[in-house]
Every structure is written in structure tokens, then in C-alpha cells.
Amino acid sequence: MEEFRNDIETIRQASCLTDHSSDSEEKITMVNKVMKSCKDEAETTYAEMVKNIVNYMGEEKLQTFINFALHYMSELRLPVKRGTFVEFRNGLINVCPVGRSCSQEERDQFGEYDQVHNVRKTFVKALEEKFPDSGLVFSIGGQISFDVFPKGWDKTYCLRFIEKDYKTMHFFGDKTDKGGNDHEIYEDARTIGHRVTSPGDTKAQLTQLLGL
């Protein structure tokens, strides 16, 4: 959910990127002002957004899901395996085949391995087949894991808190394809989606959009 909260701030600051100002310095001031107000509002909004996935699934269904995921991962043969394969959070379950306690080098190694062998995509497909009527969404993001959460608890959730204040909202994300954790908000009719490949690419696109 920490990542989700950060995305709210990103969307809020990006949503101010309109053509109301032609002066670069004024645009920068406007962005900085929105970033500060978004940070304050995000703290309040976050408390309202947190939902407990236990209440949604129930303990029995939750354990059935976790047991299946752990059994599936026990049969995977990867370059390395470490610890913390299932991380339980308030609004979601994070599943990590390599283990979240892996080092940065091991993280990069798995990321490269996954690009070739589609470990996470295959895992998600197995979960979708096992739990077709669960109402859960399986969203791949980052290098090593994927998130599991109820439908509607994705990044579009934050839009309801800001759409009344801004006519134009821009979203920047890299996992925008179907199954990626940026897909829903990238495709949402309320946003203008921008696909990016790196922090540098994001900066370049923002610079062009702002006319800096």
C-alpha cells in the first residue's frame, strides 16, 4: 500500500500539467505547490483507502489461496530462492517467487530470468485458473513479485478523490500492458496515460509536456 500511496501523489502532481501557464518558472512553482498539497492530502486519503483483505476473503479462503501459492512456489526451480515468498499487507497480498529477502544482485538476476521464462506470468495464469470466481486481480509489477487484491482496489481507486478537482489527469507508468499494475489506470478514461521505460524517460516526457 505504500507504493499505492506514492502513486496517488504522482497522479496528483501530474494532474496539474495543463496549459494554463506558458512560463516555465511558473509551471515549476505550480508543480512544487501541488506536490506539497498532494503529500498532505495523501496521508489523509490513505487512511480512508486502507481495506483489510481478510475481511474481503475470509480466513478460510485466504489460507486456501496462500497454501496453493506456497505449494506452487515449492516446485519452482529458479537460479536462487531466499525468504519471504508471501507478504501479507492490509489491502493486498504480495507474492514473490524468488523471495523478498533477496539481494539487489539476486533481484536483477531473477528479473532477467523472468523476462525469458515468464515465471510470474505463468504463475498468475495458474492462479486465475485455480481461483476463477474469487474476484481477485493479479497484477505484475517491479522485478520480482506480483500483487493480489480484490477487483477495484487497483490504482484507479485514488481517482475518485481527485477527479472532482482536476479536469485533466496524467499518469506515467511502465507496467501498462494487461496484467501489469499500471494497466487499469493507464487505460482509464479519466486519465491521459503515458508509457515510460525508465526514470530518465519519465523526466524527458515531463520536460516535453511542460515545455521546459
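Keep in mind it's a predicted model, so treat the numbers as computed, not measured.

## Brief notes about the sheet that holds strand 2 (residues 93-95)
Part 1 of the argument: One open sheet accounts for four strands, arranged 1-2-4-3; its pairing is antiparallel. Pairing within the sheet leaves two strands with one partner each, and these edge strands are strand 1 (86-88) and strand 3 (136-141). Neighbour-to-neighbour, the strand axes of the sheet open up by a mean angle of 20°, direction not taken into account.
Part 2 of the argument: Where strand 1 and strand 2 come together, three bridges link them in antiparallel fashion. Within strand 2, the position partnered with Val 86 by the bridge is Val 95.
Part 3 of the argument: Lying over the sheet, helix 6 (residues 119-130) contacts strand 2, strand 3 and strand 4 (145-150), oriented at roughly 180° with respect to strand 3.

## So, the nonpolar core
Part 1 of the argument: Phe 65, Val 95, Phe 123, Phe 138, Phe 146 and Val 148 are the most contacted members of the largest nonpolar core, which has 28 residues in total.
Part 2 of the argument: Contributing elements (two or more residues each) for this core: helix 3 (53-57), helix 4 (59-74), strand 2, helix 6, strand 3 and strand 4.
Part 3 of the argument: Setting aside chain neighbours within four positions, we find Phe 123 in contact with Ala 69, Tyr 72, Met 73, Val 95, Pro 97 and Phe 146.
Part 4 of the argument: In terms of nonpolar packing, the next biggest core, distinct from the first, is built from nine residues, Tyr 157, Ile 162, Ile 185 and Tyr 186 among them.

Quick notes on the rules
- Residues numbered from 1 in each chain as written.
- Predicted model: local features only at pLDDT ≥ 70, side-chain atom pairs only at ≥ 80, totals over all residues.
- Heavy atoms only, no water.
- Pairing = 2+ DSSP bridges.
- Helix = DSSP H or I, 4+ residues; strand = E, 2+ residues; numbered from the N terminus.
- Axes fitted to C-alpha atoms, helices over the stretch in contact; angles between N-to-C directions.
- Contact = heavy atoms within 4.5 Å.
- Core = buried A, V, L, I, M, F, W, Y, C linked by side-chain atoms within 4.5 Å.
- Buried < 20%, exposed > 50% of the residue type's maximum accessible area, 1.4 Å probe, protein only.

As far as function goes, none of this settles anything; it's purely spatial.
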